[in-house]
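# Remarks on the overall topology
Spelled out from the first residue to the last, the chains are:
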Amino acid sequence: MKVLKFGGTSVASPENITLIKDIVGRYQDPIWVVVSAFGGVTDSLLLAGDLAADQDSTYHEHLAHLEQRHLRAIKELLPLTQQSKALSKVKEELNVLETLLEGAFLIGEITPKLSDKIMGYGELLSSYIISEYFKAEKLDANFQDSRDLIKTQVLNGRTVVDFESTNARCKTNFDASKHHVTVLPGFIASSHQGEATTLGRGGSDYSAAIYAAALGAERLEIWTDVSGMYTANPKMVKQAKAIPHISYEEAMELSHFGAKVLYPPTIQPVLAKGISIVIKNTFAPEDPGTLITQGRNEQGKTVRGISHIGQISLLSLEGPGMVGIPGISKRFFEVLSQDGISVVLITQASSEHSICIGIPARDMERATAVVNENFAFEIERGKIKRVRAEHKLAIVALVGDRMKSHQGLSGKMFSTLGKNNVNIRAIAQGASERNISCVIDEKDVKKALNALHEAFFEEQTKQLNLFVMGVGNVGAKFLAQIAQQRSYLKTNLKLNLRVIGLSNSRTMAFDESGIDLQHWETFLAKGPAADQTAFMERAKGLNLRNSIFVDNTASGDIAGTYGSYLQESISVVTCNKIACSGPYDHYAQLKRLAREYGAPFLFETNVGAGLPILDTLRHLIVSGDTVHEIQAVLSGSLNFVFNTFNDQTTFNEVIQRAQAEGYTEPDPKIDLSGLDVMRKILILARESGHALELEDIETHPFLPQESLDTTDNEAFFASLKKNEAHFQSLFSKAKENGCKLKYVARFKDGKASVGLQEISKGHDFYALEGSDNIVLFFTERYPQQPMIIKGAGAGADVTASGIFADIIRIGNF
């Protein structure tokens, strides 16, 4: 035979009860069906009892609501011809309930015995109604009152089950029963004197386990609203999966740490008998669920699940008077035990200088007071400090039978949390190593669970969450590239890129599940007004693992926010040169923050768009090489300009064309003044290990002063027209000398310079075409023949690809 238990959500409505009937009707062998109260009824009974005890007459409203709900269930479930008996029985029980509540109202209190009687009515009514429904549906069913079967007694002041009497009664009832289905209320029992008692939290599960053990059932099935025990809370971790098979011990560990489908004490009766448990989904009965059996799992998995307990506080007892003094720990825990305070985590330094415990946050104030009172003598003499409390915490735990035989799990757990800026406040691990627990800030729970689940259960795929500022030329191309490559990245690099936030200068928009990149423009247009501070706060508030801020703007204000992102362990990828070419102290601070918080700060596109210039330079330096000199054409814009300009065109026309084709900044003077190239060579010098400032770079402008002094694009282009003869002169002179004009940056002996130069044939720069860039690294290893990097150095597409490449680098860290 089998015992089935259906929880509150499974019996929450008449529609759900019809599903239960379909499930029960499939069983060929005799079954006992244990049911909980209709969803929410137990809480309503508790509230009604409290109101009555407070002599608040509004308890009548709750009683009336309970009556309406149960009577409505009868009318919806039973045919009209079979309703009279059930309605009469339920009204009779509700009249008794009303009398009990009136008693509490009259005396102004609710005793434990009275509370037990009141609280049991939810299961008593639901099980009776369900049994009558089964009969009406032609099932061979019968109602059996659990108070006649489960007997309790008082031992050491606690109400416990008298298993000897209970087991005998269950066996006798089963042997005498001629019905295929027996429906029983969970949670309720009675004393040998006939007084109603209850089985406490998880009581319906406990009732089912008692029956399964007493009858030697083949299996105990617990039907709930999820398809088994999951690798993590599916409400917080979307990738969580049901665990097919798990051991009793693993199930108890996960249940203790918040897996609410099972309450640990409930499986004690079946554990002793070796009876298997199956967790099934009432709303998806075909799902296999989770099988819980005796013995270790043999499926090769080390970590079986990740769970957590929220609303935890830490209490620390410490002081020099604790070292080497026997009995301190005993007193500490005795004080808490005597006050009914449960300890859920313990950790103690080997120096014996401190003991740290985790307790439910609701008990913290009381615990602090009783401990300080008990240790007042030692506190007064400075031997022990007043206990220190920390709030708003949670415990996260890895669980698995096979963890002990695998090295490095703790390291992997803590490094995963550290990379995502999750601070660990305390650590506990038993000698069995079935559980590794740590205390973290409650605000970090969702990120921690997702990061750990990715590390231990989704090792093939890493999720990167992007917050993108700027969706102009470069930003739009970047989003298009992500949309195009997402499938490839998942299949080949095991990376899942999701754009969570977007912003332009007008609006911003967020979607925690990932923005649809096919319709991002429409989605962004409907968002609230853009606000870079609000954007940053939202990115921080979402607190997602592997978060990356992507700056596609040229804004100094936005560049000034990088430090705030890095301090939250949010990586930064940018094509904005301002941060890295601003004051050296700020640049150095960003690099330091990136190291300190484990958040990559990448800006490859600052120098060569999509060319791997900075990446190559870093590899040279990391491998021990020394840079002696850098020669480079670093402006794709200027290279395009001087490759296009000749005596058949005007300089003004060439610049306008370059701007139209996206080669220049929105303000072309930034390129033509040499400022853009100055910033690039400065970044290269800094990445080579030199603390230069922008003003240290020697510059030789080729623009007339009049052009440099303009304040807007219209005036700038007018000045170019006016000074056409100057530009033609530069071209003619170079042509006469058999040279080409190139805007060259150079760094040597700690000094940098930029300026327009005539390049003769045979030089590496001479044949540079279009908008290409080129960099020559002369190093200790490449003293005569430099290392050369050459390719397209301007344009939205290649810049976007450079940003993309930086993000992939982060994904591969």
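Each remark here, short or long, concerns the structure printed above.
Rules used throughout
Residues numbered from 1 in each chain as written. Predicted model: local features only at pLDDT ≥ 70, side-chain atom pairs only at ≥ 80, totals over all residues. Heavy atoms only, no water. Axes fitted to C-alpha atoms, helices over the stretch in contact; angles between N-to-C directions. Helix = DSSP H or I, 4+ residues; strand = E, 2+ residues; numbered from the N terminus. Parallel < 35°, antiparallel > 145°, perpendicular 65-115°, else oblique. Left-handed = near helix turned anticlockwise from the far one by under 90°. Contact = heavy atoms within 4.5 Å. Nonpolar A, V, L, I, M, F, W, Y, C, P; charged D, E, K, R; others polar. Buried < 20%, exposed > 50% of the residue type's maximum accessible area, 1.4 Å probe, protein only. Arc of directions from axis to C-beta. 1 Å grid on protein atoms, 1.4 Å probe; cavity = no way out; pocket = protein on both sides within 12 Å on 5 of 7 lines; lining within 4 Å. Points joined across faces, edges and corners; volume = space filled by probe spheres on them. Polar contact = N/O pair within 3.5 Å; in protein donor to acceptor, adjacent residues only side chain to side chain. Pairing = 2+ DSSP bridges. Salt bridge = Lys/Arg side-chain N within 4 Å of Asp/Glu carboxyl O.

## With respect to the packing of helix 2 (residues 41–53) against helix 3 (residues 59–77)
- Packing of helix 2 against helix 3 leaves a shortest axis separation of 8 Å and a crossing angle of 155°. By the angle between their directions, the pair helix 2 and helix 3 is classed as roughly antiparallel. Note that helix 2 runs across helix 3; the crossing there is left-handed. In contact with Val41, Ser44, Leu45, Leu47, Ala48, Leu51 and Ala52 of helix 2, helix 3 contributes Tyr59, His62, Leu66, Arg69 and His70.
- In terms of residue class, the contact of helix 2 with helix 3 is built from 8 nonpolar, 3 polar and 1 charged.

## Structural notes on helix 11 (residues 328–338)
- If you check which residues of helix 11 are buried, you get Ile328, Phe332, Val335 and Leu336. Projected down its long axis, helix 11 shows its buried positions confined to an angular sector of 95°, all on one face. Along helix 11, exposed side chains directed more than 90 degrees from the buried face belong to Lys330, Ser337 and Gln338.
- Looking at the buried positions of helix 11, the neighbouring elements they touch are strand 13 (305–318), strand 15 (354–360) and helix 12 (364–374).
- At the exit of helix 11 stands Gly340, carrying a positive phi of roughly 70°.

## Remarks on empty space enclosed by the protein
- Here the structure, examined in full by the defined rule, presents 3 cavities of 30 Å³ or more.
- Looking at the largest cavity, its volume works out to about 90 Å³.
- If you go around the largest cavity, the residues you meet are Asn420, Lys447, Ala539, Lys540, Asn543, Leu544, Arg545, Asn546, Ser547, Glu568, Ser569 and Ile570.
- Its residues assigned to classes, the lining of the largest cavity comprises 3 nonpolar, 5 polar and 4 charged.
- Looking at the second largest cavity, its volume works out to about 50 Å³.
- Surrounding the second largest cavity, Asp116, Lys117, Gly120, Tyr121, Leu124, Arg147, Ile188, Ala189, Ala196, Thr197 and Thr198 form its lining.

## A word on the side chain of Glu378
- Mapped onto the secondary structure, Glu378 falls in helix 13 (residues 376–380).
- Polar side-chain contacts of Glu378 include one of 2.7 Å to the side chain of Arg331.
- In contact with Glu378, other than residues within four places in its own chain, are Arg331, Lys383 and Ile384.

## Section: the pairing of strand 9 (residues 219–224)
- Among the 6 residues that make up strand 9, 5 are buried, leaving the element largely enclosed by the rest of the structure.
- Here strand 1 (residues 2–6) pairs with strand 9 via 5 bridges, running parallel. Residue pairing in the sheet places Lys2 in a bridge with Arg219 of strand 9.
- Bridge analysis of strand 9 against strand 11 (residues 276–281) gives 6 bridges, and the strand direction is parallel. From the neighbouring strand, Ile222 faces strand 11, where its bridge partner is Ile279.

## Observations regarding the packing of helix 1 (residues 14–24) against helix 6 (residues 121–136)
- Two elements in contact, helix 1 and helix 6, have axes separated by 11 Å at closest approach and are oriented at 60°. Classified by the angle their axes make, helix 1 and helix 6 are oblique. Crossing angle aside, the handedness with which helix 1 passes helix 6 is right-handed. Across from Ile17, Thr18, Ile20, Lys21 and Val24 in helix 1, the residues of helix 6 making contact are Ile130, Tyr133 and Phe134.
- Of the residues assigned to the contact of helix 1 with helix 6, the class counts are 6 nonpolar, 1 polar and 1 charged.

## Here we look at the pattern of salt bridges
- Under the counting rule described, the total for this entry stands at 43 salt bridges.
- We note a salt bridge from Lys446 to Glu512, for which the minimum N-O separation is 2.7 Å. With Lys446 in helix 15 (residues 445–457) and Glu512 in the loop between strand 21 (508–510) and helix 17 (520–525), this residue pair connects regions lying 66 residues apart in the sequence.
- According to the relative accessible area criterion, Lys446 is partly exposed, its value standing at 34%.
- Looking at Glu512, the relative accessible area reads 31%, which means it is partly exposed.
- Within this structure, Glu318, Lys385, Arg388, Glu390, Arg425 and Asp441 form a network of salt bridges that share partners.

## Brief notes about the sheet that holds strand 15
- In space, the 6 strands of this open sheet follow the order 14-15-13-16-18-17, with antiparallel pairing throughout. The open sheet has two free edges, formed respectively by strand 14 (345–348) and strand 17 (424–429), since each of these has just one partner strand. Within the sheet, the average angular offset between the axes of one strand and its neighbour, ignoring direction, is 30°.
- Taken together, the 9 bridges between strand 13 and strand 16 (residues 388–399) define a ladder with antiparallel strand orientation. Of the residues in strand 16, the one forming a bridge with Ser316 is Arg388.
- Docked against the sheet, helix 12 engages strand 13, strand 15 and strand 16, running at close to 30° with respect to strand 13.
- Of the strands in this sheet, strand 16, strand 17 and strand 18 (435–441) touch helix 14 (residues 409–419), which is tilted by about 15° from strand 18.

## Structural notes on the layout of surface pockets
- Roughly 940 Å³ of volume is contained in the second largest pocket.
- In terms of lining residues, the second largest pocket is bounded by 43 residues, among which Val474, Asn552, Ala554, Glu665 and Pro666 are the most central.
- Of all the elements in the fold, those that place two or more residues in the lining of the second largest pocket are helix 16 (473–493), helix 25 (636–644), helix 27 (669–672), helix 28 (675–687) and helix 32 (796–811).
- Tallied by class, residues from the lining of the second largest pocket come to 14 nonpolar, 21 polar and 8 charged.

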